[in-house]
There are 2 protein chains.
Amino acid sequence: MATKKVLDEKALGERAQYFLKVLIERYIAEGLPVGSRTLARDAGLDLSPATIRNVMADLEDMGLITSPHTSAGRVPTISGYRLFVDSLLTVKPLAELEIGQLREQLDLEQEPSDLMESASRLLSGLTRMAGVVMLPRRDRIAFRQIEFLPLSGSRVLAILVTSEEEVHNRIIHAKRVYSRAELEQAANYLNRTFTGQTLEAMRQRLFQDMQKARADLDRIMARAVEMAGQVFGNESGDSDGDCLISGQTNLMDFDELADMALLRQLFDAFAEKHEILHLLDQCMQADGIQIFIGEESGYRQLDNCSVVTAPYEIDNEVAGVLGVIGPTRMAYDRVIPIVDVTAKLLGAALKRR
Amino acid sequence: MATKKVLDEKALGERAQYFLKVLIERYIAEGLPVGSRTLARDAGLDLSPATIRNVMADLEDMGLITSPHTSAGRVPTISGYRLFVDSLLTVKPLAELEIGQLREQLDLEQEPSDLMESASRLLSGLTRMAGVVMLPRRDRIAFRQIEFLPLSGSRVLAILVTSEEEVHNRIIHAKRVYSRAELEQAANYLNRTFTGQTLEAMRQRLFQDMQKARADLDRIMARAVEMAGQVFGNESGDSDGDCLISGQTNLMDFDELADMALLRQLFDAFAEKHEILHLLDQCMQADGIQIFIGEESGYRQLDNCSVVTAPYEIDNEVAGVLGVIGPTRMAYDRVIPIVDVTAKLLGAALKRR
DNA sequence: CATTAGCACTCCAGGCACGGGAGTGCTAAC
DNA sequence: GTTAGCACTCCCGTGCCTGGAGTGCTAATG
């Protein structure tokens, strides 16, 4: 009766919560189903296995743990992990020393793209899982400078420099051969007009201009707008964002991911990047650490995986997301601070430039 | 006695060779050890299994086949495959239709880098194994144009355009702030001096100039040389070449590569790229199709794999290498023409620009 | 002398039974 | 509420067996 009542109220006894915590910690550490005897020993309280069993039965009723088969121990379910992560977990902050080392590593890099690469590697190296860093989104990056260089024929090389001092280039096909001076004029116009705006804003404005074909656009402006339009047109076409993934092979060492067919799907997702990006994109909204456990992510390829992400900021504005992908059974208490700190350090390192 | 004699002379009877061929073909098709009965049937000649057994024993003595255990059929060894590939194999050329489709696919791409990507994907797609394309080596690429753009502070953006219309950029740190005009002067000097030379030649000349600090270099030239030196210095530092690998996950479906530990090493090699590149580099020398079977490559990670490569040419000069990586037991008769044709088509497509 | 049939032998794979170990749920007693 | 006891379930490793596939050797054959 009493337990029934507790169940109905969905109020989970404090002691039961504690047991859940210990059980999950044990399971994360060992990877084996945890039985009542083990749990009784681990819990520290002086209780007999039989007592524990009662509690475990309750936890199972609530869908927080299950047993793989009749006479195995218990294993956390997705909801079990969820509860654990949300309210039971005690994260141990990284030691100052470790933070220092992290910062040092990131400081070595000069170019922003190397920085991202480096961050991704650090994540995977520290966690022995897969690290992922989403490059800053276009709508958060400010335009700094554009230049056009004539190539052979009517081809023009467009060079786009962003405030992060990242450089992109793209070859566009002009309608006729332009002189170096003409191209410079066009670039000047664009630079004057758009400096400081985000790329996304710039893009929108450009397309507006192109469609309206405004009367107040003189020939130079029109030409400039048209060429810049090509730059953005192509860019938006092939990819709305990109990310760097490293340490994927680390995942091959986990036996919960040993199924080759599933592992292949996972690796395909990594190669494709598209879905991973989509997932990371969602994490931009909710600021702070975001965790997807198992099927929560909504991507079948990630069913046996958890994803821990944190957004990183430039000038107090969320610019992108980074994170770690590993098996559901991962050391959340370690991974979370690592992801957290790396995000902060990456933001700081990016700002410095 | 007689057989002994044959062995000593290392002359392999014609019939034995034929059996070896049939055996390997069968093994490649089925993946199972081939027994005498099966081979007798497959060979078409009207011979009893017992006869076949005698021949097989000879083949085993010569190290061309082995049996996994006493009562299994026979499986080709590395040397067996070698002999097969070198002198027994009958490659069936690709149908015109297939070649047409391949060409079409490659023609879609505009930028050379996309072309490489596309070629790699085609290789992996057609063979259901991993495709790899080595980017043209620097010492084969001709310099076309260099430009410098001032960035914030004393940073300068260097843009390098090669004859393949491929664009590279690199941020360099100048000793002081240069004006746009000064940078243009420097670029002009370099463009005048080096157009048409290979990057490697240019690099060497630049470093000579820098060390000699020749009296006949006026200030502009010296400045230009110094900045260009930085461009090349960095570039040579981080990588001497690069390659694109795709379809790696295809390899996860082969059960001869099912061992997770070995597979991981293989994938690590793919991520590292360094050793793969080294291997491909060797294939540049020997023109024509090159095949490494199993341990022949000399890289432990590739022990269970074969690599089929072909160099591709631009203007009748070998520019790079592409190929396919798969399990030792692969359909060489199919893979070889695919690699061959792709190399030719890629060369042609690159020339067209 | 190459070819072949016959035969004993080896080895693997799969099925089956068995027993121990680990863990559970239930009940009754404290 | 906690606990001991007990019957029960299930996995897993082991040993055993059997059928099948294939081999090597030997002796007979054209």
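Residues numbered from 1 in each chain as written. Chains lettered and ligands numbered in written order. Predicted model: local features only at pLDDT ≥ 70, side-chain atom pairs only at ≥ 80, totals over all residues. Heavy atoms only, no water.

**Student:** What exactly am I supposed to notice about the domain arrangement of chain A here?
**Tutor:** How big an interface is tends to be expressed through the accessible area that disappears when the partners come together. All names here are of chain A. Taken domain by domain, chain A holds domain 1 (2–88), domain 2 (96–137 + 241–351) and domain 3 (139–238). Put simply, the middle of domain 1 and the middle of domain 2, counted by C-alpha atoms, are 30 Å apart. Contact with domain 1, which involves nine residues of that partner, is made by ten residues of domain 2. Of the roughly 850 Å² buried between domain 1 and domain 2 on both sides combined, carbon and sulfur atoms contribute 69%. Considering only the side of domain 1, the residues that lose the most area to domain 2 are Ile-28, Ile-78 and Arg-82, jointly responsible for 56% of the buried surface there. Counting across the interface, domain 1 meets domain 2 through one salt bridge. Close ionic contact of Arg-82 with Glu-296 constitutes a salt bridge, the shortest N to O distance being 2.5 Å. Counting the contacts that link domain 1 with domain 2 gives four residue pairs in polar contact (both at pLDDT 80 or more). Of all elements in the fold, only α2 (14–30) and α5 (78–88) reach the threshold of two or more residues within the side of domain 1 that touches domain 2. For the side of domain 1 that touches domain 2, the residue count by class is six nonpolar, one polar and two charged. (Domains from an automatic or database assignment. Contact = heavy atoms within 4.5 Å. Buried area = accessible area lost by both parts, 1.4 Å probe. Salt bridge = Lys/Arg side-chain N within 4 Å of Asp/Glu carboxyl O. Polar contact = N/O pair within 3.5 Å; in protein donor to acceptor, adjacent residues only side chain to side chain. Helix = DSSP H or I, 4+ residues; strand = E, 2+ residues; numbered from the N terminus. Nonpolar A, V, L, I, M, F, W, Y, C, P; charged D, E, K, R; others polar.)

**Student:** Got a minute to help me understand the sheet that holds strand β3 (residues 130–134) of chain A in this structure?
**Tutor:** Strands pair in a sheet through their backbones, by hydrogen bonds, and they do so in one of two ways: parallel or antiparallel. Residues and elements named next belong to chain A. Across the sheet, which stays open at both edges, the five strands sit in the order β7-β3-β10-β9-β8 with antiparallel pairing between neighbours. Only two strands of the sheet have a single partner each, and these edge strands are β7 (243–246) and β8 (290–293). Neighbouring strand axes in the sheet, compared pairwise and without regard to direction, differ in orientation by 15° on average. The sheet strands contacting helix α12 (residues 274–285) are β3, β7, β8, β9 (305–314) and β10 (317–327), and the helix crosses β10 at an angle near 125°. (Pairing = 2+ DSSP bridges. Axes fitted to C-alpha atoms, helices over the stretch in contact; angles between N-to-C directions.)

**Student:** Hey, could you run me through the protein's contact with DNA strand D in this one?
**Tutor:** Inspection of the region around DNA strand D gives 21 residues, with A:Arg15, A:Thr51, A:Thr70, B:Ser36 and B:Arg74 positioned closest. Expressed as a percentage, the sugar and phosphate content of the atoms of DNA strand D within 4 Å of the protein is 76%. Contact between DNA strand D and A:Thr51: a phosphate oxygen at 2.4 Å from a side-chain N or O atom of the residue. Elements that contribute at least two residues to the surface near DNA strand D include exactly α4 (49–61) of chain A together with α4 (49–61) of chain B. (Near = heavy atom within 4 Å.)

**Student:** Can you walk me through the relation of the copies chain A and chain B in this structure?
**Tutor:** Note that the two copies of the chain are related through a rotation about an axis and a translation along the same axis. Aligned on chain B, chain A shows an RMSD of 0.1 Å; the corresponding rotation is 180° and the shift along the axis is 0.0 Å. The superposition operator between the copies reduces to a two-fold rotation axis. Most of the interface of chain A is mirrored in chain B, where 97% of its interface residues are also at the interface. (Least-squares fit on C-alpha atoms with pLDDT ≥ 70 in both.)

**Student:** Would you explain the interface of chain A and chain B in this entry?
**Tutor:** With 29 residues of chain A at the contact, the number on the chain B side is 29 residues. Both faces combined, the contact of chain A with chain B buries some 2900 Å², and carbon together with sulfur accounts for 52% of it. It is A:Met252, A:Met260 and A:Arg264 that lose the most area in chain A upon contact with chain B, and together they represent 22% of the buried surface on that side. Our count for the chain A to chain B interface comes out at four salt bridges. Counting the contacts that link chain A with chain B gives eight residue pairs in polar contact (both at pLDDT 80 or more). Mapped by element, the contributors of at least two residues to the side of chain A that touches chain B are β4 (143–150), β5 (155–162), β6 (167–173) and α11 (260–272) of chain A. Its residues assigned to classes, the side of chain A that touches chain B shows 14 nonpolar, six polar and nine charged.

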